[in-house]
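Structural overview
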Amino acid sequence: MADPTVEFASSFAGSTSRSDAGLTFRPSSRDEAARGVEAAHRLGITMHASPSERGVHLDLSRLDRILEVDERSRLIHVEVGLSLGAVESKLGTFGSSLMTAASPSISVSGYLASGCSGARVADDDPVSQTVAGLDAVTLDGRRLKIRPAPRRAVGPDLVGAVLASGWALAIPLSVHLVARPRRALHALGYQFSSKADAEHALAWMRGRGVRPAHARLRADGEGALLSIWLEAGPLLSPMQAIVTEEARSRGASATEPDPYEAEVVSPKAAPALDGFVASLRHGARSG
Amino acid sequence: VLKSAPPGTDSLTRDLTRAMVSGRVSSDAADRVAYARDLWPRQQIRTRAGEAAIAPPAVVTWPETAEEVAAVVRFACERSLPVVPFGAGSGVCGGILSTDDAILLDLKRLRRLVRVDRDRLRARAQAGMIGQHLEDALDEQGFTLGHFPSSIYCSTLGGWIAGRSAGQCSGRYGKIEDMVLGLDFVDGTGRIHRAERDGENAALLPIVIGSEGILGVVTEADLRIAPAARDRVFAGFVFPNVSSGLEAIRQIYQSGLRPAVARLYDPFDSFMKRRGGIKRKEKKAGPPRHRAFPGLGMQALVGALKHAEQLNRVVSWTPDRVLGGATLVLVWESDRVLGEVEREEARHIASRLDADDLGEEPGRHWLAHRHSVSYRQSPIFRSGAFSDTMEVSARWDRMEALYDGVRRALGRHVFVMAHFSHAYPDGASIYFTFAGAAKDDTEAMRSYDRAWNDALAAAIEAGGSLSHHHGVGRSKAPFMRTEQGAAISVVADLKRALDPKQLFNRGTLIPEEALHG
């Protein structure tokens, strides 16, 4: 039986390379990426996010353009091969930032794969999102374009579903990221005697209105270290008072917080393919 | 006139009763009529024209457990019978229309607050709980969900989740999708699934939330809760115009302030609030008066509504300052000190935009009357007119184009007002209220349909979304392809995967042809 990757490589000759690790496809545009995913589907080839002996490694690093900057809405539309550092540079020109603890050297694609690790989470500020829209390609090559319109009620949240499912549902090619005002951060650290106490304290800080830029809870022997970063500005003082009150009421003592940049950003484990996702993949393949 | 139940309904009722532990099944005419529609205003026009039972199901069931829901779905799946999940029937988009062979699942007997975790600020509740009952049960223990849609007395937790509902305090607590940490649901084969935000089946959670009952039946949900608000902070401002009011909201949310409530009324809506709502003295307590025929005032209003386009023109020609400007109401629900600091910041922003400070009164008055407006629709329909609301959203740089475009499109057919009641750092929603009248119900229906079609097209054209929190139902389904493109086929895939026999709520959310595409 002929190796289908040979046909794939000849169809995308300018954007493929072969090595000991297998075939790598580095599309130069989102359209080419979508065509490649569709061709792979048609040929029965599996696309992988990392080099693999079987199938094709889809490398999105050439998708590195800034597509749109909407200063008024504090949105930036970028391709996923761009580094977070490049995104930050552009946002900095109008006083904005992603305000994430993730490393500036990782790509947007890697950031998404990590579940946007280091970004403010929904529990910290339910009103603010991290990703407002996207352009993705489904595994059978259909283009999924969700433009930003906050909190729409037009069926399932496909942006959330695509991000939560790794590459099981669709592969993001570009995203609309939500930026915030660039502000200095004030770090607080509290040592708790148990992880549960730290979790309860954090829940009540949030419940009383504290919206940390970032919070990190690290189990530490028998106890736990809660590190919290609050944005500088007029809200810092009242939020700091609530944080201190909730921590002390659970017997915590003030200590050095974790370093902000220490956030480990690694792709989340691929979601387990339960019967649902498997059937969806099968459905997509069988058209 | 209710059509008689289709042949075989008696045996269906008997078999279904046996399949359920509680045996709560009915094919009585009264029950079938009661579940024959929701509150889609288009159906109210039809009802007024004499068509009371628009889409009655074959039978109505009242399951009491998730397992019983699953049993009913398995029963339907074995016989390929349609299933319509039903909360409280207060949807306004025609989302739960049955067919005469359908089994209707009324979930209101799933009505328990299962548990409250005081330490982690989480609660688990069954999907059939009426919103106010859920809020009361949480409040008894000192907590709130923070979700206050104006339908809170007549909508359920499951309905909120199905439609991605928004409450009046969305500025701090978010929408329902931001509050749900996990849920259980029954798929179209009768399997019970669990989906959690940071755990099992995480990708299924955003798929089921907002699926309007076409992918599964939600039976229970885990929710983020907060300490109940006991000490709110209020503010009110009047701006020269909508633009400056919107700019204030944008700056407030982008600067990190989170008033739970931020409502901006456009100059005419503000004028009406002052004349008829906010400043009006309380009427004497007592039962409301119901008239068989409209009074003179209402007759005059209906007469004017027949010339809606001219009426809109008069309003648009009236300078904003004559109408008194645009009113912004802000309410905070966090620790008092934090709320007060946020209010000071909001005052600075408003002041830079030439707003006059109205003090606490508009906010306090709004809170006291927060649910009143939702009960004014009946007199309008009784008088021969019609009314409806349309809620769309867009990012900030499209907001004024959306406001102008939709207003212009609606204004050709109906009289239109607007307010802005849900804001985020990247955009906001606009809530249009409109009313119209015609010489008879047939013409009223035509006028109603033209208004909606033009307005939805205008919303898409301006870069907005079809809906922010009412959902799609059948009313907007024909426009979904315009907004969503290929996403429609992905939702259809999801339906085929989760509901292979396509039993659930057909016709809702996605156009029927998308399922065959």
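Structure's up top.
As a starting point, this report considers the structure included with it.

1. Quick look at helix 3 (residues 84-92) of chain A
Residue and element names in this part refer to chain A.
- Inspection of helix 3 places Leu84, Gly85, Val87, Glu88 and Leu91 among the buried residues, and these make up the whole buried set. Buried positions in helix 3, seen along its axis, are confined to an arc of 155 degrees and lie on one side of it.
- Contact partners of the buried residues in helix 3: strand 6 (75-79), strand 7 (96-97), helix 4 (108-113) and strand 10 (170-178).

2. Some details on helix 7 (residues 236-249) of chain A
- Between the first and last C-alpha of helix 7 of chain A there are 20 Å, a value that for 14 residues agrees with the 20 Å anticipated at 1.5 Å per step.
- Looking at the buried residues of helix 7 of chain A, the elements they touch are strand 12 (185-192), helix 6 (195-207) and strand 14 (223-231) of chain A together with helix 15 (336-352) of chain B.

3. With respect to the packing of aromatic side chains
All names here are of chain B.
- Inspection of the entire model under this criterion finds 14 aromatic pairs over all chains.
- A centroid spacing of 5.2 Å and a plane angle of 85 degrees characterise the contact between Phe268 and Phe415, whose relative ring orientation is edge-to-face. One end of the pair, Phe268, is in helix 11 (residues 267-277); the other, Phe415, is in strand 17 (residues 415-424), with 147 residues separating them in the sequence.
- Looking at Phe268, the relative accessible area reads 13%, which means it is buried.
- Residue class for Phe415 comes out buried when judged on its relative accessible area of 11%.
- Positioned above the aromatic ring of Phe75, the side-chain terminus of Arg79 is 3.6 Å from the ring centre.
- The ring of Phe148 has Arg370 lying over it, and the distance from NZ or CZ to the ring centre is 4.4 Å.

4. Here we look at the sheet that holds strand 15 (residues 253-255) of chain A
Residues and elements named next belong to chain A.
- Read from one edge to the other, the open sheet built from four strands follows the order 13-14-12-15, with strand pairing classed as antiparallel. Of all the strands in the sheet, the pair left with one neighbour each is strand 13 (214-220) and strand 15. Across the sheet, the mean angle from the axis of one strand to that of its neighbour is 25 degrees, orientation sign disregarded.
- Here strand 12 runs beside strand 14; their pairing, made up of eight bridges, is antiparallel. In the sheet register, His186 faces strand 14, and the bridge partner there is Leu230.
- In this fold helix 6 packs onto strand 12, strand 13 and strand 14, with an angle of close to 20 degrees to the strand it touches most, strand 14.
- In this fold helix 7 packs onto strand 12 and strand 14, with an angle of close to 5 degrees to the strand it touches most, strand 12.

5. A few points about the packing of helix 10 (residues 242-254) of chain B against helix 15 of chain B
All names here are of chain B.
- Two elements in contact, helix 10 and helix 15, have axes separated by 9 Å at closest approach and are oriented at 145 degrees. Helix 10 and helix 15 meet at a crossing whose hand is right-handed. Side by side, helix 10 and helix 15 meet where Ala248, Gln251 and Ile252 of the first sit next to Ala346, Ile349 and Arg352 of the second.
- Per-class residue counts for the contact of helix 10 with helix 15 are four nonpolar, one polar and one charged.

6. Quick word on the interface of chain B and chain A
- Contacts between chain B and chain A engage 81 residues on the former and 63 residues on the latter.
- When the two sides are added together, the surface that chain B and chain A hide from each other amounts to roughly 5700 Å², 56% of it contributed by carbon and sulfur.
- Three residues stand out in chain B for area buried against chain A, namely Arg164, Arg395 and Asp426 of chain B, and they jointly supply 12% of the buried area on that side.
- Taken together, the links from chain B to chain A amount to 13 salt bridges.
- Between Arg120 of chain B and Glu199 of chain A there is a salt bridge, with the nearest N and O atoms lying 2.8 Å from each other.
- Viewed at the interface, chain A and chain B are joined by 33 residue pairs in polar contact (both at pLDDT 80 or more).
- For the side of chain B that touches chain A, the element with the highest residue contribution is helix 21 (residues 487-498) of chain B, accounting for eight residues.

7. Digging into the side chain of Arg208 of chain A
- Summarising the element assignment, Arg208 of chain A is placed in the loop between helix 6 and strand 13.
- A distance of 3.3 Å separates a polar atom in the side chain of Arg208 of chain A from a polar atom in the side chain of Glu245 of chain A.

8. Thoughts on the environment of Gly209 of chain A
- You can see Gly209 of chain A is positioned in the loop between helix 6 and strand 13.
- Taking the C-alpha atoms as reference points, Gly209 of chain A and Ile242 of chain A, 33 residues apart in sequence, are found 8.6 Å from one another.
- For Gly209 of chain A, the residues in contact, after removing those within four places along its chain, are Met239 of chain A together with Arg172, Ser334 and Leu338 of chain B.

Cut-offs used in this document
The residue count restarts for each chain, going from 1 along the sequence in the order it is written. Naming scheme: in the order in which they are written, chains are lettered from A and ligands are numbered from 1. Selection of residues for local features in this predicted model requires a pLDDT of at least 70, selection of side-chain atom pairs for listing and counting requires 80 or more, and totals for whole chains, interfaces and linings are taken over all residues. Side-chain numbers come from the whole structure's heavy atoms, not from hydrogens or water. Exposure is judged per residue with a 1.4 Å probe applied to protein chains only, and the accessible area is read against the type maximum: over 50% gives exposed, under 20% gives buried, and values in between give partly exposed. Under the DSSP-based scheme used, a helix requires at least four consecutive residues in state H or I and a strand at least two consecutive residues in state E, with every element numbered from the N terminus. Arc, as used here, means the arc of the directions from the helix axis to the C-beta atoms. Working rule for contacts: check all heavy atoms of both residues, and any pair within 4.5 Å makes them a contact. What a helix should span is 1.5 Å times the count of its residues minus one. When two rings of Phe, Tyr or Trp (its six-membered ring) have centres within 6.5 Å they constitute a pair, described as stacked for plane angles under 30 degrees, edge-to-face for angles over 60, and tilted for the intermediate range. By definition, being over a ring means that NZ of Lys or CZ of Arg is both within 6 Å of the ring centre and within 35 degrees of the ring normal. Strands qualify as paired when DSSP identifies two bridges or more between them. Axis angles are defined between N-to-C directions and span 0 to 180 degrees, where every axis is a line fitted to C-alpha atoms and, for a helix, only to the segment in contact. Handedness of each helix crossing follows the sense of rotation of the near helix against the far helix: counterclockwise by less than a right angle gives left-handed, clockwise gives right-handed. Under this grouping Gly is polar, as are all residues other than the nonpolar Ala, Val, Leu, Ile, Met, Phe, Trp, Tyr, Cys and Pro and the charged Asp, Glu, Lys and Arg. Buried area is calculated as the accessible area (1.4 Å probe) missing from two parts once they are joined, with the contributions of both summed. The salt bridge criterion pairs a side-chain nitrogen of Lys or Arg with a carboxyl oxygen of Asp or Glu, the two atoms within 4 Å. Within 3.5 Å is the distance limit for a polar contact, defined as a pair of N or O atoms, with the added protein rule that one can donate a hydrogen and the other accept it, and that residues adjacent in sequence qualify only through two side-chain atoms.

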